[in-house]
There are 2 protein chains.
Amino acid sequence: MPVDDPLKLDLQLCFPLYAAARAMTQAYAPLLSKLGLTYPQYLVMLVLWETDGVTVKELGERLYLDSGTLTPLLKRMETQGLVRRERSTEDARSVHVHLTSQGRALRRKAVSVPEAMACKMGLSLEELSRLRREVRRLFETLSKSQPEPTK
Amino acid sequence: MPVDDPLKLDLQLCFPLYAAARAMTQAYAPLLSKLGLTYPQYLVMLVLWETDGVTVKELGERLYLDSGTLTPLLKRMETQGLVRRERSTEDARSVHVHLTSQGRALRRKAVSVPEAMACKMGLSLEELSRLRREVRRLFETLSKSQPEPTK
DNA sequence: GTCGAATTGATTGCGAGCAATTTAATTGTG
DNA sequence: CACAATTAAATTGCTCGCAATCAATTCGAC
């Protein structure tokens, strides 16, 4: 098998990306479990702490997740007492997600999470921001390569 | 809410990483579905094309996946006729995974995948290799921050 | 105003991921 | 040899993630 085997080189970027993303959620786990959250649930809370009362659709647009993922996830969070789901009165198709007082209160326990993670990643601020920019660019390119059906 | 809110900054590296990894597997999907593979299954095939007959444990070490993920995945691949699972004769605890002739043949259809993906990612070779190095470093740091129980 | 198209969530079904436990086999220690 | 500790897979149970489909609602052209 040649050294420059394309099926070997292929393990180069995509696989590390895949492995790093999983390692990242695993690194979050011990921090978030103290808050009773998983990583995707934490992402939902980040959006809600910033903008309470968004619809499921808006949540999906911000997190790039669809209702098939969000609906059951939000139901679990509702059972936990972190959020309330309310169907809109103006447009009965949409559902708004509101923080409960418990959900708002959880924010105070979450403020230490980002620093703890930054520490675990062991990158300088410049490295972190450069890597972020590059990964985001890759994400955008990949997103566009998945052409949504032009209506 | 202050502009430098840590819970806002937090969306900066981890979330793009998480989103990019998902976008990446979605970009693979149309290419791999022609081969009847999912992305994790493709990873298993990459290892087997390189080293046929590895054990489940070795597969797990290379892909950072445990038997809880691999066992059902390999069973599906066995049902598809791509691999054969055989319990070792020397050590009946371990299971070796072998390619079938069909699994070996699939390699020819897979050789075009890496280039197609490289195209979708739209990065130069230098960008690609730099990003790979950085993501891999991040992965290694994160892995170490998850101390395996020292026995 | 009415009817067809579009939009929003919910549902279903399946394939990962992973923690925790279980089972079976092997190793090491006395 | 005996038996405790270790190891490798498998199993269980839960949470994503997403494609495909469905139901309810709203929009828009007429």
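Source: prediction; values computed, not measured.

Trainee: Describe the relation of the copies chain B and chain A, with residues and values.
Mentor: Screw-axis analysis of chain B against chain A gives a translation of 0.0 Å along the axis, an RMSD of 0.0 Å, and a rotation angle of 180°. Overall, the copies show the geometry of a two-fold rotation axis. By C-alpha distance to the rotation axis, the residue of chain B lying nearest is B:Ala21, at 3.2 Å. Comparing interface residues between copies, 100% of those in chain B also sit at the interface in chain A, which points to an isologous, same-surface contact.

Trainee: Tell me about the packing of aromatic side chains, and please be specific about residues and values.
Mentor: Residues and elements named next belong to chain A. Under the criterion given, the structure shown has 14 aromatic pairs over all chains. When the ring of Phe 15 is compared with that of Tyr 18, the centres are 6.2 Å apart and the planes differ by 40°; the resulting orientation is tilted. Residue Phe 15 and its partner Tyr 18 are both found in helix α2 (residues 14-33); the two are separated by three residues, about one turn of the helix. You'll find Phe 15 and Tyr 18 in the same group, each marked buried.

Trainee: Summarise the interface of chain B and chain A; cite the residues concerned and give the values.
Mentor: With 59 residues of chain B at the contact, the number on the chain A side is 59 residues. Taken together, both faces of the contact between chain B and chain A bury some 5900 Å²; the carbon and sulfur share is 68%. Broken down residue by residue, the surface that chain B buries against chain A is led by B:Leu7, B:Leu13 and B:Tyr18, which jointly contribute 11%. Remark: the boundary between chain B and chain A carries four salt bridges. With a shortest N-O distance of 2.9 Å, A:Glu134 and B:Arg130 are connected by a salt bridge. On inspection of chain B and its partner chain A, the count reaches 11 residue pairs in polar contact (both at pLDDT 80 or more). If you list the elements that add at least two residues to the side of chain B that touches chain A, you get α1 (6-9), α2 (14-33), α3 (39-50), α4 (56-63), α6 (101-110), α7 (113-121) and α8 (125-145) of chain B.

Trainee: A description of the protein's contact with DNA strand C should follow, citing residues and the corresponding values.
Mentor: In the vicinity of DNA strand C, 29 residues are found, and the nearest of them are A:Tyr18, A:Gln26, A:Lys75, B:Thr38 and B:Gln41. Near-protein atoms of DNA strand C (within 4 Å) split between backbone and bases, with sugar and phosphate holding 80%. Measuring from a phosphate oxygen of DNA strand C, one finds a side-chain N or O atom of A:Arg22 at 2.9 Å. Counting only elements with at least two residues in the surface near DNA strand C, the list comes to α2, α4 (56-63), α5 (67-79) and β1 (83-87) of chain A together with α3 and α5 (67-79) of chain B. For the surface near DNA strand C, the per-class residue count stands at eight nonpolar, 10 polar and 11 charged.

Trainee: Would you mind going over the packing of α3(B) against α5(B) in detail, with residue names and values included?
Mentor: Residues and elements named next belong to chain B. Between α3 and α5, the least distance of the axes is 11 Å, while the angle of their chain directions is 80°. The angle between α3 and α5 falls in the class roughly perpendicular. Between α3 and α5, the residues in contact are Pro 40, Gln 41, Val 44 and Met 45 and Leu 70, Leu 73, Leu 74, Arg 76 and Met 77, respectively. Classifying every residue of the contact of α3 with α5 by side-chain character gives seven nonpolar, one polar and one charged.

Trainee: Account for the protein's contact with DNA strand D, with residues named and values stated.
Mentor: Inspection of the region around DNA strand D gives 29 residues, with A:Thr38, B:Tyr18, B:Gln26, B:Thr71 and B:Lys75 positioned closest. Within the side chain of A:Arg76, one N or O atom sits 2.9 Å away from a phosphate oxygen of DNA strand D. Among the secondary structure elements, those contributing two or more residues to the surface near DNA strand D are α3 (39-50) and α5 of chain A together with α2, α4, α5 and β1 (83-87) of chain B. The class makeup of the residues in the surface near DNA strand D is eight nonpolar, 10 polar and 11 charged.

Trainee: Mind laying out α5(B), listing which residues take part and the relevant values?
Mentor: Residue and element names in this part refer to chain B. Spanning 13 residues, α5 covers 18 Å between terminal C-alpha atoms, matching the ideal 18 Å at 1.5 Å per step. When α5 is considered as a whole, its buried residues turn out to be Leu 70, Leu 73, Leu 74 and Met 77. Seen end-on, α5 carries its buried residues on one side only, within an arc spanning 100°. Exposed residues on α5 whose side chains face more than 90 degrees from its buried face are Gly 68 and Thr 79. Taken together, the buried residues of α5 touch α3, α4, β1 and β2 (95-99). You can read the cap of α5 off the contacts: a side-chain oxygen lies 3.1 Å from the backbone nitrogen of Gly 68, and it is on Asp 66. Positive backbone phi, approximately 85°, marks Gly 81, located one or two places after α5.

Trainee: Give me the lowdown on the environment of A:Leu17, citing residues and values where you can.
Mentor: As for its position among the elements, A:Leu17 is in helix α2. Judged by relative accessible area, A:Leu17 falls into the buried class, the value being 1%. Sequence separation between A:Leu17 and A:Thr89 is 72 residues; the distance between their C-alpha atoms is 42 Å. Here A:Leu17 is in contact with A:Leu138, B:Leu17, B:Ala20, B:Ala21, B:Met24 and B:Val135, once residues within four sequence places are set aside.

Thresholds applied
Residues numbered from 1 in each chain as written. Chains lettered and ligands numbered in written order. Predicted model: local features only at pLDDT ≥ 70, side-chain atom pairs only at ≥ 80, totals over all residues. Heavy atoms only, no water. Least-squares fit on C-alpha atoms with pLDDT ≥ 70 in both. Contact = heavy atoms within 4.5 Å. Phe/Tyr/Trp six-rings, centres within 6.5 Å; stacked < 30°, edge-to-face > 60°. Helix = DSSP H or I, 4+ residues; strand = E, 2+ residues; numbered from the N terminus. Buried < 20%, exposed > 50% of the residue type's maximum accessible area, 1.4 Å probe, protein only. Buried area = accessible area lost by both parts, 1.4 Å probe. Salt bridge = Lys/Arg side-chain N within 4 Å of Asp/Glu carboxyl O. Polar contact = N/O pair within 3.5 Å; in protein donor to acceptor, adjacent residues only side chain to side chain. Near = heavy atom within 4 Å. Nonpolar A, V, L, I, M, F, W, Y, C, P; charged D, E, K, R; others polar. Axes fitted to C-alpha atoms, helices over the stretch in contact; angles between N-to-C directions. Parallel < 35°, antiparallel > 145°, perpendicular 65-115°, else oblique. Expected span 1.5 Å × (residues − 1). Arc of directions from axis to C-beta.

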